Amino acid sequence: MPELLFFVKKVVSAFLMPLPFGGLLLLLAGVLFFRKHKTAAKALLIAVLMIWYVLSIAPTAQWLAGSLEYKYSKYENQGVNFVLVLGGYHRSDERLPLSSLLSQTSLMRLMEGIRIYKLNSGSKLLLSGYRGRDEISNAYAMKLVANSLGVPDKDIILAEQVKDTAEEAEHWVNVVQNRPFALVTSAIHMRRSVYLFEEAFQKQLSVESPLDEQLLIPAPTAFSGSGKQGFYWKSWFPSANNLSDVKAAWHEYLGLVWAKLQSDERVTP
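Bear in mind that the values here come from a model prediction, so they are computed numbers and not experimental data.

1. Some points on the packing of aromatic side chains
Then, in step 1: Scanning the entire structure with this criterion turns up four aromatic pairs.
Then, in step 2: Taken together, a centroid distance of 5.7 Å and an interplanar angle of 85 degrees make the contact between F33 and F34 edge-to-face.
Then, in step 3: For F33, a relative accessible area of 35% puts it in the partly exposed group.
Then, in step 4: For the ring pair F181 and F197, a centre distance of 5.9 Å and an interplane angle of 45 degrees mean the geometry is tilted. Of this pair, F181 sits in strand β4 (residues 181-186) while F197 sits in helix α8 (residues 187-205), and the two are 16 residues apart along the sequence.
Then, in step 5: Here the aromatic cluster, defined as three or more aromatic residues joined through ring pairs, consists of F181, F197 and F201.
Then, in step 6: For K71, the ring lying beneath its charged end belongs to Y72, and the centroid distance is 5.6 Å.
Then, in step 7: The positively charged end of K260 is found above the aromatic ring belonging to Y195, 5.7 Å away from the centroid.

2. Observations regarding the sheet that holds strand β1 (residues 82-85)
Then, in step 1: The strand order across the open sheet formed by five strands is β3-β2-β1-β4-β5, and the pairing between neighbours is parallel. In this open sheet, the two strands that pair with only one neighbour each are β3 (156-159) and β5 (216-221). Across the sheet, the axes of successive neighbouring strands diverge by a mean angle of 20 degrees, strand direction being ignored.
Then, in step 2: Where β1 meets β4, four bridges bridge the pair, whose relative direction is parallel. Residue pairing across strands places L84 opposite L183, the latter belonging to β4.
Then, in step 3: Strands in contact with α8 are β1, β4 and β5; relative to β4, the strand with the most contacts, it is inclined by about 140 degrees.

3. Some remarks on unusual backbone geometry
With glycine set apart, most residues show a phi of negative sign, and most peptide bonds adopt trans.
Then, in step 1: Positive phi values are uncommon outside glycine, yet S206 reaches one of about 55 degrees.
Then, in step 2: Residue classification places S206 among the exposed positions, given a relative accessible area of 60%.
Then, in step 3: Unlike most non-glycine residues, A222 shows phi in positive territory, near 55 degrees.

4. Overview of a nonpolar patch on the surface
Then, in step 1: A grouping of L16, F21, L24, L27, L28, V31 and W250 is seen on the molecular surface, where their side chains present a nonpolar patch of about 630 Å² in accessible area.
Then, in step 2: Looking at which element gives the most residues to the nonpolar patch, the answer is helix α2 (residues 18-34), with five residues.
Then, in step 3: Following the sequence through the fold, L24 ends up in helix α2.
Then, in step 4: On the basis of relative accessible area, L24 is assigned to the partly exposed category, the value being 41%.

5. A closer look at the layout of surface pockets
Then, in step 1: There is about 240 Å³ of room inside the second largest pocket.
Then, in step 2: Every residue lining the second largest pocket is counted, 13 residues in all, and those nearest its centre are L16, P18, F21, I51 and L55.
Then, in step 3: Every element with two or more residues in the lining of the second largest pocket is listed here: α2, α3 (38-55) and α9 (240-267).
Then, in step 4: Partitioning the lining of the second largest pocket into residue classes produces twelve nonpolar, one polar and no charged.

6. Focus on the pairing of β4
Then, in step 1: Most of β4 sits out of view: six of its six residues are buried.
Then, in step 2: Sheet analysis places β4 next to β5, joined by six bridges and oriented parallel. Residue F181 lies in a different strand from β5, and its bridge partner there is L216.
Then, in step 3: Between β4 and its parallel partner β5, the chain crosses via α8, and the hand of that crossover is right-handed.

7. Some points on the pattern of salt bridges
Then, in step 1: The full count for this structure, using the stated rule, is seven salt bridges.
Then, in step 2: Linking D155 and K124 is a salt bridge whose minimum nitrogen-to-oxygen distance equals 3.2 Å. Of this pair, D155 sits in the loop between α6 (138-148) and β3 while K124 sits in strand β2 (residues 124-128), and the two are 31 residues apart along the sequence.
Then, in step 3: For K124, a relative accessible area of 26% puts it in the partly exposed group.
Then, in step 4: The shortest N-O distance in the salt bridge between K154 and D155 comes to 3.4 Å.

8. Comments concerning the pairing of β5
Then, in step 1: Extensive coverage of β5 is indicated by the burial of six of its six residues.
Then, in step 2: Of the two faces of β5, the one holding L216, P218 and P220 and the one holding I217, A219 and T221 are both buried throughout.

9. Regarding the nonpolar core
Then, in step 1: One finds L84, F181, L183, V194, F197, F201 and L216 to be the most contacted residues of the largest nonpolar core, which totals 26 residues.
Then, in step 2: Looking at this core, the elements with two or more residues in it are β1, α7 (165-176), β4, α8 and α9.
Then, in step 3: With seven residues, α8 is the largest single contributor of residues to this core.
Then, in step 4: Excluding anything up to four places from it in sequence, L183 contacts L84, L86, M190, S193, V194, F197, L216, I217, P218 and A219.
Then, in step 5: Grouped together as the second largest cluster of nonpolar side chains are 24 residues, V80, I114, I136 and I156 included.

Parameters at a glance
- Residues numbered from 1 in each chain as written.
- Predicted model: local features only at pLDDT ≥ 70, side-chain atom pairs only at ≥ 80, totals over all residues.
- Heavy atoms only, no water.
- Phe/Tyr/Trp six-rings, centres within 6.5 Å; stacked < 30°, edge-to-face > 60°.
- Buried < 20%, exposed > 50% of the residue type's maximum accessible area, 1.4 Å probe, protein only.
- Helix = DSSP H or I, 4+ residues; strand = E, 2+ residues; numbered from the N terminus.
- Lys NZ or Arg CZ within 6 Å of the ring centre and 35° of its normal.
- Pairing = 2+ DSSP bridges.
- Axes fitted to C-alpha atoms, helices over the stretch in contact; angles between N-to-C directions.
- Contact = heavy atoms within 4.5 Å.
- Patch = residues over 30% accessible without salt bridge, like charges linked within 9 Å, V, L, I, M, F, W, Y side chains within 5 Å.
- Areas by Shrake-Rupley, 256 points an atom, 1.4 Å probe, with all protein chains shown as cover.
- Salt bridge = Lys/Arg side-chain N within 4 Å of Asp/Glu carboxyl O.
- 1 Å grid on protein atoms, 1.4 Å probe; cavity = no way out; pocket = protein on both sides within 12 Å on 5 of 7 lines; lining within 4 Å.
- Points joined across faces, edges and corners; volume = space filled by probe spheres on them.
- Nonpolar A, V, L, I, M, F, W, Y, C, P; charged D, E, K, R; others polar.
- Right-handed = clockwise from strand over helix to strand, strands pointing away.
- Core = buried A, V, L, I, M, F, W, Y, C linked by side-chain atoms within 4.5 Å.

Shape descriptors only; they carry no functional weight alone.
The structure is reproduced here in structure tokens:
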């Protein structure tokens, strides 16, 4: 059942993304047009195109992504026992150098994790992420890169079976216990990650606020927005990069809603 629920969640969330959902609405517009409801079909077509335009310009992308990315400040050299890097994406291919094994986002997460690990003598680097369709897990892929950058095996702990952030939280909370750790993930993903880790701390260790107790130290990285640079004339032109940022932000909002619904179900008598 958990495997089926995980699959259903991924399928449903994929269809709720801006492009697939808009595509379904365009298909509906086509059906309406051929059934002689031409006015309704044209109105739906115009609405979809306008929504796609708004979602693919920089102001919208920065507003949606920025509301998530800047909720937590960057790592400020707090002392930690563990540095936890959440899983991302990788691609094994013998034709590629090791530097291309990880996706850009995963590589930035790992680089920030290694930086914090080196600032904390005696700390351990925790790497997580399952195999997916690849021959090795994302955790192991990150380990290979970390090894090449001087992190020894003795300082690395892997979690290769966890499939999503909720499973990562449930697994790693039992490892770190009441010792401080830096949570490294993409800035846009940090709000949902912190929520799920706080839930796991409350459920498994009866810790109400790991943030306030300095057990959990957010360390966001891989920021997608332009920050304080502001807008210029090109900002109002549609861009695939902007739409990608909107998609990532929308995915996080959906994930946060799902996580809160799951939490409500657990506490309902």
